[in-house]
Amino acid sequence: MSSTLFLQSDIHDPYSTYKSMLEKHPVYWDETNKIWTIYSYEYCVEILKNKNAQIPVGNPKNEQKLNEYALKILDNLTRLSNGIQHEISKEIAMLMFSNMKSIDIREITSSLIKSDLVNYKIDWVNSVSKKLPIYVLLKSFGFEENDCEFISEKIESLVKIMLPQKTEEQVLFINRNSEKFYSLVEKHLSSLSFYNSLLIKISNQYNLSSKEIVPIVVSNFIGLCIQSYDAGRGILSNSLLQIIQHETFSNRTEIEKSVIETLRFDPPIHNTRRIATEDFYIGESLIKKGDSILIVLASANYDSEKFEDAMNFDIERINNNENLTFGIGGHMCLAKYFSIHLATEALWFLFQSNKSISLLENQIQYEPLINARLPKEIWISIQ
Ligand code: HEM
């Protein structure tokens, strides 16, 4: 293999490629892209826990020409920060997360299905996967219906803010919508009862003024929307495909086990990146300060040293939950249980309230993305 970077839309089965790289080159220097690519479970964990492997800076000197609001959002995201900035923004994101109200996921799923179902057919991706996680998040924070609609409509283009490279058109859209997005979120969050105590807590802990904290709070709420949209869409879509194929929908527990096994077997997020801030060894390979690293989480999930009979979808394997799909270490996803719960509830609702769910197409097309494997459409029949 020469290039280890590819678009998921171009590859029918990335897992057999990962499997062969795991066997031959668990650590591989990709000369074409000048990037270390890490395939084995052990080494992926080692890098994710290594303090000298940091999140790369995405938009140095604002070369992408983002406007004031877009830049504020990007610069404050916990997902993309390191050091003390990461510590503060992660704490803020977690505090917000812990203030979510519990809401009825089944009810929202039901109304999304009802509003788009025509002749017993629906595109699960566009009607449910893209909308449900963001609606659940926003409703849990008490956003009004019209704000939910605005955010859910614009989020698809705003998520492009996470891309390391952006087209002019993507930047234009991000710039056009970021001020309204930012103001709307700021206005709503400041009306919530936990908001002031959050500002006081962070201010006392880190000796920061409210003026410094507010942009971190607002940006990281937008960050939660972004993560919900992209990865949330993937867990709902990929789980549905596996559940239909393996017919593992007889009760709620079976659905939950299938969601967890899908996260290992066909995860929505395939890789994440780091940059070495010091020299260090991985196995016998010397990673030099400044080197780029691609951590192939989806490949670690196929490592036979960790998962027995890894090429098989097996909801009863006892360590499926140890998949690396949510990362590990300081940057591990804070929404692991939220995401699994959301997908389980929605899919259990779908299978429990209908006699038969079947796929209307066999050739699933994927989005042209390097880091995520997200079906474009999944047409199903609901009877
Ligand atoms: C299946 C669904 C999801 C997957 C597979 C996923 C995956 C990940 C991964 C791999 C990371 C770590 C990235 C790294 O270390 O480089 C991460 C971080 C993060 N995720 Fe998720 N995520 C999911 C859903 C969500 C949702 C729904 C939210 C928010 C509501 C969320 C919020 C975050 C945040 C804030 C971080 C950054 C944590 C930090 O900076 O330390 N994720 N996620």
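Residues numbered from 1 in each chain as written. Predicted model: local features only at pLDDT ≥ 70, side-chain atom pairs only at ≥ 80, totals over all residues. Heavy atoms only, no water.

**Here's the deal with the site of the ligand**
This is how it is decided: It suffices for a single heavy atom of a residue to lie within 4 Å of a molecule or strand for the residue to be listed as near it. N or O atoms within 3.5 Å of each other form a polar contact, as long as, within protein, one can give a hydrogen and the other can take it, and as long as residues adjacent in sequence are counted only when both atoms are side-chain atoms. Counting from the N terminus, the helices are the DSSP runs of H or I reaching at least four residues and the strands are the DSSP runs of E reaching at least two. Classes in brief: Ala, Val, Leu, Ile, Met, Phe, Trp, Tyr, Cys and Pro nonpolar; Asp, Glu, Lys and Arg charged; the others, Gly included, polar.
Taken together, 27 residues are adjacent to the ligand, and Thr-78, His-86, Thr-272, Arg-274 and Cys-333 come closest. Within the side chain of Gln-227, an N or O atom sits 3.3 Å from a nitrogen atom of the ligand. Here Thr-272 contributes a side-chain N or O atom positioned 2.5 Å from an oxygen atom of the ligand. If you list the elements that add at least two residues to the shell around the ligand, you get helix H4 (83-98), helix H11 (210-246), strand E5 (272-276) and helix H14 (336-352). Broken down by element, the shell around the ligand gets its largest block of residues, 5 residues, from H11. Taken together, the residues that form the shell around the ligand break down as 14 nonpolar, 10 polar and 3 charged.

**Focus on the packing of aromatic side chains**
A ring pair, where both rings are aromatic, is described by two values, the distance of the centres and the angle of the planes. The following threshold applies: In this scheme Phe, Tyr and Trp rings, the latter by its six-membered ring, pair at centre separations within 6.5 Å, and the angle between planes marks the pair as stacked below 30 degrees, edge-to-face above 60, and tilted otherwise. Exposure classes here rest on a 1.4 Å probe applied to the protein chains alone. A residue is buried below 20% of its type maximum, exposed above 50%, and partly exposed in between.
According to the stated counting rule, one finds 14 aromatic pairs in the structure shown. A centroid spacing of 6.4 Å and a plane angle of 35 degrees characterise the contact between Phe-6 and Tyr-18, whose relative ring orientation is tilted. With a gap of 12 residues between them, Phe-6 in the segment before helix H1 (14-24) and Tyr-18 in helix H1 connect regions that are remote in the sequence. Across the pair, exposure class does not vary: Phe-6 and Tyr-18 are buried alike. A connected cluster of aromatic rings, assembled from ring pairs, spans Phe-6, Tyr-15, Tyr-18, Phe-265, Tyr-302 and Phe-313.

**Regarding the nonpolar core**
General note: in soluble globular proteins, nonpolar side chains tend to be found buried as a group. For the record, the criterion: Throughout, nonpolar core names a set of buried Ala, Val, Leu, Ile, Met, Phe, Trp, Tyr and Cys residues whose side chains join them through atoms within 4.5 Å. The contact definition used throughout considers only heavy atoms, calling two residues in contact when any of these lie within 4.5 Å.
Within the largest apolar cluster, 89 residues are counted, with the highest numbers of intra-cluster contacts made by Trp-124, Leu-132, Ile-151, Phe-221, Leu-350 and Ile-380. A total of 17 residues in this core trace back to one element, the largest contributor, which is H11. Beyond its immediate chain neighbours, meaning those up to four positions away, Leu-350 contacts Ile-113, Trp-124, Leu-240, Ile-357, Ile-380 and Ile-382. With 21 residues, the next largest nonpolar core counts Leu-48, Ala-276, Ile-282 and Ile-287 among its residues.

**Examining the pattern of salt bridges**
Just so we agree on the cut-off: Throughout this description, the term salt bridge denotes a Lys or Arg side-chain nitrogen within 4 Å of a carboxyl oxygen of Asp or Glu.
Scanning the entire structure with this criterion turns up 13 salt bridges. Between Lys-34 and Glu-31 there is a salt bridge, and its shortest N-O distance comes to 2.5 Å. Here Glu-367 makes a salt bridge to Arg-233, at a shortest N to O gap of 2.6 Å. Of this pair, Glu-367 sits in the loop between strand E9 (357-359) and strand E10 (379-382) while Arg-233 sits in helix H11; the two residues are 134 residues apart in sequence, bridging distant segments of the chain. Among the residues examined, Arg-233 registers a relative accessible area of 3% and is labelled buried. Salt bridges sharing common partners tie together Glu-261, Arg-264 and Arg-317.

**Examining the sheet that holds strand E8 (residues 292-295)**
What links the strands of a sheet is backbone hydrogen bonding, and the strands pair in either a parallel or an antiparallel sense. Here is the rule we go by: We call two strands paired when DSSP finds no fewer than two bridges between them. Orientation is described by axes fitted as lines to C-alpha atoms, over the contacting stretch for helices, and by angles from 0 to 180 degrees between their N-to-C directions.
Pairing within the open sheet is mixed, and its 5 strands lie in the order E1-E2-E8-E5-E3. Two strands lie at the open edges of the sheet, namely strand E1 (27-30) and strand E3 (53-54), each paired on one side alone. Pairing between E1 and strand E2 (residues 35-38): 4 bridges, direction antiparallel. Paired with Tyr-28 across the two strands is Thr-37, which belongs to E2. Sheet strands touched by helix H2 (residues 41-48): E1, E2, E3, E5 and E8. Its angle to E8, the strand with the most contacts, is close to 130 degrees.

**Here's the deal with helix H9 (residues 168-190)**
The criterion, for reference: Helix span is expected to be 1.5 Å times the residue number reduced by one.
Taking 1.5 Å per residue as the helical rise, H9 with its 23 residues ought to reach 33 Å, and the 33 Å between its terminal C-alpha atoms agrees with that figure. Residues of H9 that are buried include every one of Gln-170, Val-171, Ile-174, Asn-175, Asn-177, Ser-178, Phe-181, Tyr-182, Leu-184, Val-185, His-188 and Leu-189, and no others. On its buried face, H9 sits against helix H3 (68-76), H4, helix H8 (145-158), helix H10 (195-206) and H11.

**With respect to unusual backbone geometry**
Backbone geometry at Asn-62 places phi at a positive 50 degrees, although glycine is not the residue there. Position of Asn-62 relative to the elements: it lies in the loop between E3 and H3. Residues other than glycine seldom take positive phi values, yet Glu-247 does so here, at roughly 50 degrees. Here Glu-247 falls in the exposed class, since its relative accessible area comes to 59%.

**Observations regarding the pairing of E5**
The two faces of E5 differ: Thr-272, Arg-274 and Ala-276 on one face are buried, but Arg-273 and Ile-275 on the other face are not. Of the pairings in the sheet, the one linking E3 to E5 comprises 2 bridges and is antiparallel in character. Bridge pairing links Ala-53 to Ala-276 in E5. The sheet contact formed by E5 and E8 spans 4 bridges and is antiparallel.

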